[in-house]
Protein chains: 2
Amino acid sequence: MKKGLSQICYKFFSCLSNPTRLAAIEKLIEKPMSVNEIANALGEEQSMISHNLKTLLECNLITSNRLGKKRIYSLNTETMEALLKIVKNHAKKYCPKGGKCPVKED
Amino acid sequence: MKKGLSQICYKFFSCLSNPTRLAAIEKLIEKPMSVNEIANALGEEQSMISHNLKTLLECNLITSNRLGKKRIYSLNTETMEALLKIVKNHAKKYCPKGGKCPVKED
DNA sequence: ATTACATATGAATAATAATTCATATAAAGC
DNA sequence: GCTTTATATGAATTATTATTCATATGTAAT
């Protein structure tokens, strides 16, 4: 593993580079939810969602607190909203059609 | 692949979740460089850097232009500076020691 | 048109990460 | 303490991504 930037950013971005975790984040934008709520909403297995939420927790991109038998997960909105704003802006600029982003050759 | 947020963000974050690419970006923060300059600076193989720069190009996180026999790569500073600012801020808040980020349990 | 230098590409291998499944732990009510 | 519900965990399998190596392409100078 390299030093500097890599060290700081690698885990952070790795955490976000997974469709299941991004889908979970998308759900958590709506409201805090339990594991099963997310799993049902996404049509995925409970244990898979649990594994992935753990990854997000370790990056501090979500937080959790227990509520009876359930555990409620909440989005770290401070970081995530700022982040999504940038990504959406980047996408709007470079991938206007949503699908493939053309690369301009010069 | 899931829709929505995932669709937009997945490639973007995947592109950034690789130590070699992050190290290359770190070099490009200093100044625009050719493939060999980056490869030498990082002590990596030319073809590996070339492959990774291609990935960054496809995400529009860098641009390139030819200069004689060389091809000079430049950072998309607009997106990257904003992005790094957020990540650094997040790291400062949650991983003050730089190493492992503690997860607070509640 | 041949050579040297710079970069790119494809395909194989190696490395890493994700998902699944079986099972363990935790909380709450009876 | 037993049962039910909710979540977590570990290990095996599967899938994805990176790297390497050999080679091809592109540019410029002689």
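Residues numbered from 1 in each chain as written. Chains lettered and ligands numbered in written order. Predicted model: local features only at pLDDT ≥ 70, side-chain atom pairs only at ≥ 80, totals over all residues. Heavy atoms only, no water.

Next up on the list: the overall build of chain A. Across its full length, chain A carries 5 helices and 3 strands. Along the longest, intermediate and shortest principal axes, the C-alpha atoms of chain A span 60 × 35 × 25 Å. Within chain A, the proportion of its 106 residues that are buried is 46%. The long-range share in chain A, meaning contacts at least 24 apart out of those at least 6 apart in sequence, stands at 44%. Carbon and sulfur atoms make up 52% of the accessible area of chain A, which amounts to about 6,000 Å² in all. Side-chain charges of chain A comprise 18 positive and 10 negative groups, with the mean position of each set lying 3 Å from the other. (Helix = DSSP H or I, 4+ residues; strand = E, 2+ residues; numbered from the N terminus. Buried < 20%, exposed > 50% of the residue type's maximum accessible area, 1.4 Å probe, protein only. Contact = heavy atoms within 4.5 Å. Areas by Shrake-Rupley, 256 points an atom, 1.4 Å probe, with all protein chains shown as cover. Lys, Arg positive; Asp, Glu negative; His and termini not counted. Charge placed at Lys NZ, Arg CZ, Asp CG, Glu CD.)

If you check the shell around DNA strand C, you find 24 residues, and the closest are Y10(A), R21(A), N36(B), H51(B) and Y73(B). When atoms of DNA strand C within 4 Å of the protein are sorted by moiety, sugar and phosphate together comprise 65%. Interatomic distance of 2.6 Å between a side-chain N/O atom of Y10(A) and a phosphate oxygen of DNA strand C. The contact in question runs from a base nitrogen of DNA strand C to an N or O atom on the side chain of Q46(B), over 2.8 Å. Counting residues per element, the surface near DNA strand C draws most heavily on helix α4 (residues 46–58) of chain B, which supplies 5 residues. Classifying every residue of the surface near DNA strand C gives 4 nonpolar, 12 polar and 8 charged. (Near = heavy atom within 4 Å. Polar contact = N/O pair within 3.5 Å; in protein donor to acceptor, adjacent residues only side chain to side chain. Nonpolar A, V, L, I, M, F, W, Y, C, P; charged D, E, K, R; others polar.)

What follows deals with the sheet that holds strand β1 (residues 33–34) of chain B. Residues and elements named next belong to chain B. With antiparallel pairing, 3 strands are arranged side by side in an open sheet as β1-β3-β2. The open sheet has two edge strands, β1 and β2 (62–67), and neither has a second partner. Pairing between β2 and strand β3 (residues 70–75): 6 bridges, direction antiparallel. In the strand pairing of β3, I62 is matched with L75. (Pairing = 2+ DSSP bridges.)

Near DNA strand D, the surroundings consist of 24 residues, among which N36(A), H51(A), Y73(A), Y10(B) and R21(B) are the closest. Of everything in DNA strand D that lies within 4 Å of the protein, sugar and phosphate atoms constitute 63%. Between DNA strand D and S50(A) there is a distance of 3.0 Å, counted from a phosphate oxygen to a side-chain nitrogen or oxygen. One nitrogen or oxygen atom from the side chain of T20(B) is found 3.0 Å from a phosphate oxygen belonging to DNA strand D. The set of elements that each furnish at least two residues to the surface near DNA strand D consists of α3 (35–42), α4 (46–58) and β3 (70–75) of chain A together with α2 (19–30) and α4 of chain B. Here the element with the most residues in the surface near DNA strand D is α4(A); it accounts for 5 residues. For the surface near DNA strand D, the per-class residue count stands at 4 nonpolar, 12 polar and 8 charged.

This is a description of form; function is not addressed.
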